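Close look at the chain arrangement
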Amino acid sequence: MKKAKENGFKRIEVETSCDGLRPVKKAFTGRILADLDERASGDRNTRYLVAITKGGRFAVYDENSRTGRSWLTVYESFYDVRENNGEEWGLPDEVIAAVAAEVGEPYTVELDI
């Protein structure tokens, strides 16, 4: 744990709830890369917190203030975070750009205009 603290890692605790009624506390050791509220994320009603874990994975926590629902999703790499933008759900560009800046990766939104 000493080495983790030297790298800015700390215990991070979040509450997840798929139905907004029964929260489950989850904790891991990591370093927060981005913590964007709904104004900064460009996504109404949703807060995003992205951390790199002590195992080198990316933990993405999103919490919807309107529904009370929240999720924690773990990705193997920044590439996986960046490419996880499906039709039904995806991270806002503002979130991905903030994480990219923290990990030193380029990120450009490609427009088909």
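In this report, the structure presented in the accompanying data block is examined. (Residues numbered from 1 in each chain as written. Predicted model: local features only at pLDDT ≥ 70, side-chain atom pairs only at ≥ 80, totals over all residues. Heavy atoms only, no water.)

Now for the overall build of the chain. What the chain contains, in helices and strands, is four helices and five strands. Secondary structure elements of the chain occur, N-terminal to C-terminal, as α-β-β-α-β-β-β-α-α. Contacts in the chain between residues at least 24 apart in sequence constitute 33% of all its contacts with a sequence separation of at least 6. A total accessible area of about 7500 Å² is found for the chain, and carbon and sulfur atoms account for 46% of it. (Helix = DSSP H or I, 4+ residues; strand = E, 2+ residues; numbered from the N terminus. Contact = heavy atoms within 4.5 Å. Areas by Shrake-Rupley, 256 points an atom, 1.4 Å probe, with all protein chains shown as cover.)

Okay, the nonpolar core next. Of all hydrophobic cores here, the largest spans 17 residues; its most connected members are Phe58, Val60, Phe78, Val81, Leu91 and Val99. Among the secondary structure elements, those contributing two or more residues to this core are strand S2 (24-36), strand S3 (46-53), strand S4 (58-64), helix H3 (78-83) and helix H4 (93-103). The greatest single-element share of this core, amounting to four residues, is contributed by H4. When residues no more than four places from it in sequence are discounted, the contact partners of Phe58 are Leu33, Ala51, Ile52, Thr73, Val74, Tyr75, Ser77, Phe78, Val81, Val99 and Val103. Counting residues in hydrophobic clusters, the runner-up holds seven residues, among them Ile12, Val14, Phe28 and Ala51. (Core = buried A, V, L, I, M, F, W, Y, C linked by side-chain atoms within 4.5 Å. Buried < 20%, exposed > 50% of the residue type's maximum accessible area, 1.4 Å probe, protein only.)

Judged by side-chain polarity, Val109, Leu111 and Ile113 come together as a nonpolar surface patch covering roughly 370 Å² of accessible area. For Val109, the position within the fold is in the segment after H4. Among the residues examined, Val109 registers a relative accessible area of 39% and is labelled partly exposed. (Patch = residues over 30% accessible without salt bridge, like charges linked within 9 Å, V, L, I, M, F, W, Y side chains within 5 Å. Salt bridge = Lys/Arg side-chain N within 4 Å of Asp/Glu carboxyl O.)

Summed over the entire model, instances satisfying the criterion amount to six salt bridges. When the shortest N-O distance is used, the salt bridge between Glu13 and Lys25 registers 3.9 Å. Note that Glu13 is positioned in strand S1 (residues 10-16) and Lys25 in strand S2, a separation of 12 residues in sequence. A relative accessible area of 58% means that Lys25 is categorised as exposed. A salt bridge links Arg47 to Asp35, with the nearest nitrogen and oxygen atoms 3.0 Å apart. Residue Arg47 is located in strand S3, and its partner Asp35 is located in strand S2; the two are separated by 12 residues in the primary sequence. For Arg47, a relative accessible area of 29% translates into the label partly exposed. Exposure remark for Asp35: the relative accessible area of 45% places this residue in the partly exposed category. Members of the salt-bridge network, linked through shared partners, are Arg11, Glu13 and Lys25.

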